[in-house]
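# Breakdown of the fold
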Amino acid sequence: MLKDHSAQSWITGAILRAAIIESFIKLNPVLLWKNPVIFVTAVGALLSTTTLFLGNLSSFTVQITLWLWFTVLFANFAEAVAEGRGKAQAEALRRSRALAWARRIRNGTEEKISATELRLGDAVVCEVGDIIPSDGEIIDGIASVDESAITGESAPVVRESGGDRSAVTGGTRVISDRIIVKITAEPGHTFIDRMISLVEGASRQKTPNEIALGILLVSLTLVFLLSVFTLPFFAWYNEAAAGQSNAVNVSLPVLVALLVCLIPTTIGGLLSAIGISGIDRLVRRNVLATSGRAVEAAGDIDVLLLDKTGTITLGNRMASAFLPAPGVAADRLARAAQLASLADETPEGRSIVVLAKEIHGVRGREVAEPHVKFIPFSAHTRMSGVDFSGGTEERAASIRKGAADNVREWVLGQGGQFPIEVKETVDQISRQGGTPLVVAEGCEVLGTVHLKDVIKGGIKERFAQLRQMGIRTVMITGDNPLTAAAIAAEAGVDDFMAEATPEMKLSRIRSEQAAGHLVAMTGDGTNDAPALAQADVGVAMNTGTQAAREAGNMVDLDSNPTKLIEVVEIGKQLLMTRGSLTTD
Amino acid sequence: MSASDVLQVVLYITLLVATTAVLGIFMEKVFQGKSTFLDFFLKPVERAIYRFSGIDSVQEMNWKQYAVAVLWFNLCGGVVLLLLLLGQGSLPLNPQNLPGLGFPLALNTAVSFVTNTNWQAYSGEATMSYLSQMAGLGVQNFLSAATGIGVLLAFIRGLIRRQVDTLGNFWVDAVRSTLYILLPLSFALALILVSQGVVQTSSSYVTATTLMGQEQVIPLGPAASQIAIKQLGTNGGGFFGVNSAHPFENPTPLSNFLQMFAILCLPAALTVTYGKMVGSVRQGWTLFAAMMVVFLITLGAMFWAEYAGNPLFPTGAFLEGKEVRIGVANSILWGDVTTLASNGSVNAMHSSFSALAGGIAILNMLLGEVIFGGVGSGLYGMLMFVLLTVFIAGLMVGRTPEYLGKKIEAFEIKMAVVALLVPSICVLSLTVLGCTTEMGKASIANPGPHGLSEILYAFASMANNNGSAFAGLNAATLFYTLGGSVAMVVGRFAVIVPVLAIAGSMVRKKIAPPSSGTFPKDGGLFVGLLVSVVLIVGSLTFFPVLALGPVLEHLLIQGGRAF
């Protein structure tokens, strides 16, 4: 097998070398004391080494002593490897956080200060090439920002004031334009600082299960300690009663060997390594957890609130069919729909152009005429289209496509009629969970375009898997109940929430929790923040607002909502690894 | 083993299962305050008791109040019993004019009966007046059993109530369990025992002249009433010194069978009561099944060890120390039942069992008296093991451990570990003292591994509130009476307090509904896990000392050396 030399390789020679040294440093009693099971083993090793030097130099004692030291060192080594990985990542982060200068704006004038002097609420200006000095919220301007330092993604992202993409992270670099940023983090508590301390394990708190397991392990160790060290007294009594004092070898190495067999060394030695690796696994998937507690909670989740868009369906609806009105040729409908969509830059619009090209061979440029005025989509009219100003052909003045009701009004307004068949088609598409767009040319209704949500491949199987794990999935969507039900059925989710608002999300989480469930969700907007904070596991998208990122207990640097499912799986894996080692 | 032996065991188990189903459901009604057919007679009595003693029966207690009530109740009971025993010489109902007990023995006996241990460092007919037997020991036989039931009920309420603070009212639990369960059953059993020939009289001992012309004193007394509750309440303190091996305590095979049955009937039936109360009878039967599995394993092993014979005297089964009237099989069954059920009564000398059978009797007690165990205490002890099992199993399937929808966290694990391990620590330390100090070794009858077993048996019995005696060891010395008193108090209350603390913490938690990912707490898999946890935690701790006691003795006997 070829050795994996890629950056994916998760253990490098350097980490191993450092870990070997570290496992000896960790023999320091103060550090060992934190892990009582291994501490007891180390004391046993020390005692049997002492007997070795006191002249009891049998090959048995030597073997026992070596094994004992090996056990202790291996436990140290496992922990050191897990920590070493984190340290390497932290080092990389530190390098990226070069000592930055900030251009603070105070009373309208700009001053250059060290980034460490920035305080909450300060406003700084950043221009091309500047490193953003600290976490903040853009209050003015728009810029493209290179966030590769934290996400590892080299493509720049756009950040602008207002809306859900206003948060910037300290340590990232502005590569175009100029923005004014209001600082939202105290020095030392920025996102990168938190990341560093997290991956280093410095701020790692023990999780509730770890604490409980720790208590169990310590108690078992204590009681076995007692049961082994009362043994010689019973043996001596028997010897004396039989009149054969000192007949049996109850030497220290023998007792220590028995003790180490009885006490739970496997889980005791690996407990902290498992905890660290839980966070580490998330980091490898570009998810940052604020605490190990959150990782463990992820393993217990039994309700997942999933946003429909981006998680269950591909981001956008796609045109899937042209359904002409009676007496209209399919080609004519396709051509008109394409014309009306040429100016429509939304993914839905583009998908209509593509579908027309694929099915009906209609090419966009054939209709690129000079006397054309494109009418973009507006929330008010809920239609888009095209107007011809005195074209050569004898065709109606304009084409519109849009929601059935609005197109109907538009057609009726010009004295046309809305055929009953088209209305039936529209209703049918709605019932199937699709979105109908009606296309009309002048006063004539040409037909309907069926826009469909495209369910991600394999998602249904994934939900079935989750169901087997005892996890219920709830789809959250702004769609009407009819559409939502159809998509929910197709995707195989257990439940759905139609026409959902952030308030509804929050109250849904509360009611699930009141019923004893543990809920996980993803979110990015500021209005998601309360729900993210309320959920047991809230995964905020890195592209989201600062408020959302603060509220969640995990941040997904890739901003991929599907990852929530992986997070749950990792949490479960963590609990299971620990459980199976406990019974080892 | 003959066909009739097998038939008796099968009959015993069948009757046990049938009673569990019926009595378990009845007890649930009593404990939940539902109406029963006994209400007509007993409801007025119950009301009168509350009125007379000023108990507000609707007043609920939180776990601390409940624990204080339990401790206070037992302390007062203990002090009254202690004074009674010290002063019995100048009290009525003492036809033999027996003197008051010395302080160490009185203390040991008072503690022993209050803690449902019934360890007896005395011989009843030579030490106790009728008043002490009836008003002292007999009363505590009822009250200690009622205490066990009360603590169990508080724990169950901790599991089934959600997000409240209170666990019920101890006084009501104690009164209802005594009045509706213990008294009627004891009354019925006492009548049957009298019909079989168990004595029940307050007249003085009779003197007879034997065929050899010598004078013999034949002790009598109000035995039947006390024996009924001694078995039903898993107490086990015999009226006479040799306990149920005495023909006046246990005259016929039928009385023997009924007494054995009475020992397990309440602890077994409580499993179904529990299941019914938590809303899943299946859950109750699961615990019953786990107990039954261990019962059958230990019974099988004891039968094997007893019938395997002895290379020194190849005559078949071990007959020494057994009552031939009742038979070897019934002695083995009795020995297994009583050591598992925290009932200290004996109908054979356990010291004369084969080394391994004696070892299993010790192991039975060291498991913490959770296989059926004492009335109430057996089940709440078993539930501590359930918490431990659920905790480990929960981690294995990748979920934060929960039981009946309630999360098990650090506090619960801490308390469960205290409840399970403190008695073990107590046994080991006292046994070391026993076999290293002169005052400990002086009481040993058979020095060597068997002597070690004698000491281990004594402290295993006391620290786990069993009360069964191995025979051989002279327990009436200062070391064993005082050391034993400590062991009994620790073994009882160092379990009760953590159990109530867990109940107090669980009762405040919310209940998560089960999902398909929840680890199932009923069914065969869970029975298997629970049995393994009980056996592993119980036996690993005592593996070294058992190896040097019974196992070593067995190996030496195989090598031709007896003790």
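Above this text you will find the structure in question.
Below, the structure is looked at part by part. These figures come from a predicted structure and were not determined experimentally. All residue numbers here refer to positions counted from 1 along the written sequence of the relevant chain. Starting at A for chains and at 1 for ligands, labels are handed out in the order in which the entities are written. In keeping with the model being predicted, local features are shown solely for residues with a pLDDT of at least 70 and side-chain atom pairs are shown and tallied solely at 80 or more, while totals for entire chains, interfaces and linings include all residues. For side-chain calculations, the full set of non-hydrogen atoms in the structure is used, while hydrogens and water are omitted.

Turning our eyes to something else, we now look at the overall build of chain B. Under the scheme used here, helices are H or I runs from DSSP no shorter than 4 residues and strands are E runs no shorter than 2 residues, and both carry numbers assigned from the N terminus. A tally of helices and strands in chain B yields 18 helices and 4 strands. In this treatment the radius of gyration is a C-alpha quantity, and the globule benchmark scales as 2.2 Å times the residue count to the 0.38 power. The C-alpha radius of gyration computed for chain B amounts to 23 Å, which stays within 12% of the reference 24 Å derived for 563 residues, consistent with globular compactness. Each principal axis of the C-alpha atoms in chain B carries an extent, and together these give about 75 × 60 × 50 Å. Only protein chains enter the accessibility calculation, which uses a 1.4 Å probe. A residue is then buried if its area is under 20% of the maximum for its type, exposed if over 50%, and partly exposed in between. Per-residue burial for chain B yields a buried fraction of 63% across its 563 residues. Within chain B, contacts between residues separated by at least 24 positions form 78% of all contacts whose residues are at least 6 apart in sequence. Here the accessible surface of atoms and residues is derived via Shrake-Rupley with a 1.4 Å probe, and residues count as covered only by protein chains that are part of the display. Accessible surface for chain B amounts to roughly 19200 Å². Of this, 69% is attributable to carbon and sulfur atoms. Every residue pair with non-hydrogen atoms within 4.5 Å of one another is taken to be in contact.

Before going further, it helps to examine the interface of chain B and chain A. Where the parts come together, the accessible area they lose is often given as the size of the interface. Contacts between the two partners involve 43 residues from chain B and, on the opposite side, 39 residues from chain A. Buried surface at the junction of chain B and chain A, both sides included, amounts to about 3600 Å², of which 72% is carbon and sulfur. We count a salt bridge whenever a side-chain nitrogen from Lys or Arg sits within 4 Å of a carboxyl oxygen from Asp or Glu. Counting across the interface, chain B meets chain A through 0 salt bridges. As used in this structure description, the phrase polar contact means that two N or O atoms lie within 3.5 Å; if the pair is within protein, one of them must be able to donate a hydrogen and the other to accept it, and residues adjacent in sequence are counted only when both atoms belong to side chains. Between chain B and chain A we count 4 residue pairs in polar contact (both at pLDDT 80 or more) in total. Breaking the side of chain B that touches chain A down by element, the ones donating at least two residues are helix H13 (377–396), helix H14 (410–436), helix H16 (449–463) and helix H18 (524–558) of chain B. Per-element accounting of the side of chain B that touches chain A gives the leading share, 12 residues, to H14(B). Taken together, the residues of the side of chain B that touches chain A sort by class into 27 nonpolar, 11 polar and 5 charged. Once two parts are joined, some of their accessible surface, as seen by a 1.4 Å probe, is lost; buried area is that loss totalled over both. When residues are grouped by polarity, Ala, Val, Leu, Ile, Met, Phe, Trp, Tyr, Cys and Pro land in nonpolar, Asp, Glu, Lys and Arg in charged, and all others, Gly among them, in polar.

Let us look at the pairing of strand S15 (residues 435–441) of chain A. All names here are of chain A. With 6 of its 7 residues buried, S15 lies for the most part within the structure. Being paired, for any two strands, means DSSP has found at least two bridges between them. Alignment of strand S14 (residues 398–402) against S15, held across 4 bridges, turns out to be antiparallel. Bridged to Lys401 within S15 is Val439. Note: S15 against strand S16 (residues 444–455), 7 bridges, orientation antiparallel. Of the residues in S16, the one forming a bridge with Ala440 is Val445. Counted along the chain from S15 to the antiparallel partner S16, the turn is 2 residues long, and its residue Gly442 has a positive phi close to 60 degrees.

Residue and element names in this part refer to chain B. For Ser352, the location among the structural elements is in the loop between helix H11 (328–340) and helix H12 (355–366). On the accessibility criterion, Ser352 (14% relative accessible area) is buried. A sequence separation of 31 residues divides Ser352 from Gly321, and the C-alpha atoms of the two residues are 5.5 Å apart. Ignoring sequence-local partners within four residues, the contact set of Ser352 consists of Phe318, Glu320 and Gly321.

The next thing to look at is unusual backbone geometry. We note that A:Asp177 has phi near 65 degrees; this positive angle belongs to a residue other than glycine. Located in the positive-phi region is B:Ala471, a residue other than glycine, with phi close to 70 degrees. Along the chain, B:Ala471 turns up in the loop between H16 and helix H17 (478–506).

What follows deals with a nonpolar patch on the surface. Residue and element names in this part refer to chain B. Patch building starts from residues that exceed 30% relative accessible area and form no salt bridge, then joins like charges within 9 Å and nonpolar side chains (Val, Leu, Ile, Met, Phe, Trp, Tyr) within 5 Å. A surface patch of nonpolar side chains, about 700 Å² in accessible area, is lined by Val68, Trp72, Leu75, Val79, Leu83, Leu86 and Phe103. Sort the elements by how many residues they give to the nonpolar patch and helix H3 (residues 63–86) lands first, with 6 residues. Structurally, Leu83 is set in helix H3. On the accessibility criterion, Leu83 (55% relative accessible area) is exposed.

Moving on, we get to the nonpolar core. Definition of nonpolar core: a set of buried residues of the types Ala, Val, Leu, Ile, Met, Phe, Trp, Tyr and Cys, connected through side-chain atoms within 4.5 Å. Residues A:Leu304, A:Met554, B:Tyr12, B:Phe295, B:Ile371 and B:Phe372 are the most contacted members of the largest nonpolar core, which totals 253 residues. Dropping the residues within four chain positions of it, A:Met554 is found in contact with A:Leu282, A:Val287, A:Leu288, A:Ala289, A:Ala294, A:Val295, A:Ala298, A:Val537, A:Gly538, A:Val539, A:Ala540 and A:Val567. Listed in part, the 33 residues of the second largest apolar core include A:Leu339, A:Met383, A:Val386 and A:Val438.

Glancing now at the environment of B:Phe479. Residues and elements named next belong to chain B. Note on placement: Phe479 falls in helix H17. When the C-alpha atoms of Phe479 and Asp56 are compared, they prove to be 43 Å apart, with 423 residues separating the residues in sequence. Leaving out residues up to four positions away in the same chain, Phe479 has contacts with Leu430, Leu433, Gly434, Met439, Gly440, Phe459 and Gly484.

All names here are of chain B. Here a cavity means grid points, on a 1 Å grid over the protein atoms only, where a 1.4 Å probe fits yet cannot get out; a pocket means an open set of points with protein on both sides within 12 Å along at least five of seven lines; lining residues are those with an atom within 4 Å of a point. Grid points are joined across faces, edges and corners, and a volume is the space filled by probe spheres set on the points. Under the criterion given, the structure shown has 8 cavities of 30 Å³ or more. There is about 290 Å³ of room inside the largest cavity. In this structure, the largest cavity is lined by 27 residues; those nearest its centre are Gly368, Glu369, Pro423, Asn464 and Val495. When residues of the lining of the largest cavity are traced back to their parent elements, those giving at least two are H13, H14, H17 and H18. Considering every element that reaches the lining of the largest cavity, the biggest residue donor is H14, with 5 residues.

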